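Coordinates in review
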Amino acid sequence: MPNPAPRPRVAVILAAGKGTRMKSSLPKVLHEAAGRPLLAWVIDAARAAGCERILVVVGHGAERVREAIGGADLRWVLQAEQRGTGHALAQAEGEISDVAENATVLVLSGDVPLVNPATLDRLARGAEEGWGAMAVAEMADPGSLGRVLVDGSGAFREIVEARDAALEELAVRRINAGLYALPAPDVFTYLRNLKASNAQGELYLTDAVTIAAQDGHPVRLVDLPDPDEALGVNDRVELAKVHRLLLDRHLQALMKAGVTVLEPARTVIEPGVRVGEDTVIHPGVSLLGHSSIGRECVVHQGAWLRDSTVADGAIIEPYSVLDGAEVGDGCRVGPFARLRPASRLLGGARVGNFVEVKGSEIGAGAKVNHLSYVGDATVGAGANVGAGVVTCNYDGVRKSSTEIGAGAFIGSDTMLVAPVKVGAGASTAAGSVITKNVPDGALAVARVRQKNLEGRAGGLHRRKI
Ligand code: UD1
Ligand code: CA
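Residues numbered from 1 in each chain as written. Chains lettered and ligands numbered in written order. Predicted model: local features only at pLDDT ≥ 70, side-chain atom pairs only at ≥ 80, totals over all residues. Heavy atoms only, no water.

Some remarks on the overall build of the protein chain
The helix and strand inventory of the protein chain stands at 9 helices and 41 strands. Relative to the globule expectation of 23 Å for 465 residues, the C-alpha radius of gyration of the protein chain, 31 Å, shows a markedly less compact shape. C-alpha atoms of the protein chain, sized along the principal axes, occupy 105 × 60 × 45 Å. Per-residue burial over the protein chain gives 47% buried out of 465 residues. (Helix = DSSP H or I, 4+ residues; strand = E, 2+ residues; numbered from the N terminus. Rg over C-alpha atoms; globule rule 2.2 N^0.38 Å. Buried < 20%, exposed > 50% of the residue type's maximum accessible area, 1.4 Å probe, protein only.)

Below you can see the structure in the form of structure tokens.
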């Protein structure tokens, strides 16, 4: 006999709740862990598990959630009034009705972000072999999570919410992770018959699972080998815990792939960040968003990088800030440098302390070492920009650009009033205010000539001028 066609898998993510314990005006599922909203992690897991349809049940702050998450492949279901997890899932029935005759409904919680796609697959298989399946974990401190009770043979009997549990039930350490695979259309029949006879006056999804089991439907318990996967976020203490765990997962993967992270607990490397082999990351570093660091780089203490690219062998000195910047091979940045969006340093360039760069290209081997502002400029290869140089790119109305030729030498404290161009190999005298283009190889001097008044210094500092 041929194998029966696989049942379609539909994910329903419950994300309508208020999350009262967060004490926040932001809907709970939009709070961020490791740089992304909780709900985004859950959606990723549903996608990775090969669900052919993903429904998200929203209610509290529904519009805000939809806007923040986007996702052309998602279907949104509104639960206008939040009457419990069972009521939330029931709202999804309409969006499943076309496949409801034989679909497996994977139920996820928008506030359980460490869920693994492999677990969803195990749940779906468990349900397909019997009736339904739910994920359970053993927890030393099960807190407010639902307790899972079994009969003498170890088969599932009942889920009891902590608030409704008797003392001996509270002592049970096997908890409900809030992840289920349940068969449509049966589950919707059970949801229709729910009663809100519990401490919270809600329609519990857990009761539907319990009643189905009492009716003789087998509910398989799928053990989570790593109980962290079951962690839900109900308050900000749990949010911090989940944030750290998501970061630790990525840090461990990086370390195993050959990156030295000197103090992982004091390092933030968001999961979207790539780091190459033999790179050393010092404590207090934050690498955020879609940043990428090459091989054999050193990122020193306190550096903060977002959506920035650093090529092989570059050194980022302490307390530098890079936002949307691109740093070439073997460059050296900082300490205390700030590279703003669209800054590009070509191979071997050097940007030193208290230098701000914005929307500019610093050519190969060029140096901007001290106390400068370089905005909307191109600095040619091998040019040297002295201390305190400023590109005056804004006249109060519009921004203009500055061009510094290859090998040029810009004297300290030069003001380059844009639009202006300094030719290749040209120089400017220290303290010049450059308002006209400087030809290649020329020396521009634009400052008041010094006068020395012999013998006039005495006592001058005591006079009022
Ligand atoms: C739920 C389970 C509990 C389990 C825990 C795992 C129930 C009754 N209890 O408890 O057994 O151990 O998850 O984390 O299901 N939601 C809605 N609409 C609602 C209510 C909730 O969409 O009307 C959503 C929430 O936004 C949240 C998820 O469902 O994402 C879980 O709801 P929550 O109130 O956090 O349930 P728990 O008390 O954590
Ligand atoms: Ca919860």
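As for the pairing of strand β7 (residues 132-138)
In regular strands, side chains alternate between the two faces of the sheet. Taken across its 7 residues, β7 has 6 buried, putting it largely inside the fold. As paired elements, β7 and strand β11 (residues 219-223) share 5 bridges and run parallel to each other. Paired with G132 across the two strands is V219, which belongs to β11. Where β7 and strand β10 (residues 174-183) come together, 5 bridges link them in antiparallel fashion. Paired with M134 across the strands is Y180, a residue of β10. (Pairing = 2+ DSSP bridges.)

Things to note about the side chain of K358
When you line up the elements, K358 lands in strand β28 (residues 356-358). With near-sequence residues (within four places) excluded, K358 lies in contact with R340, P341, S343, Y373, V374, G375, D376, N393 and K399. (Contact = heavy atoms within 4.5 Å.)

Regarding the site of ligand 1
Surveying the vicinity of ligand 1 reveals 24 residues, the closest of which are Q79, G84, T85, E161 and N176. Compared with its free state, where it exposes 750 Å², ligand 1 has 89% of that area covered by protein. Broken down by element, the shell around ligand 1 gets its largest block of residues, 3 residues, from β10. Partitioning the shell around ligand 1 into residue classes produces 8 nonpolar, 12 polar and 4 charged. (Near = heavy atom within 4 Å. Areas by Shrake-Rupley, 256 points an atom, 1.4 Å probe, with all protein chains shown as cover. Nonpolar A, V, L, I, M, F, W, Y, C, P; charged D, E, K, R; others polar.)

Here's the deal with the sheet that holds strand β29 (residues 361-362)
On the basis of which strands lie adjacent, the open sheet formed by 9 strands has the order β14-β17-β20-β23-β26-β29-β32-β35-β38 and parallel pairing. Both outer strands of the open sheet, β14 (274-275) and β38 (420-422), are each paired with one neighbouring strand and no more. Note that strand β35 (residues 402-404) and β38 share 3 bridges and pair parallel. Looking at the pairing, I404 lines up with V422 of β38.

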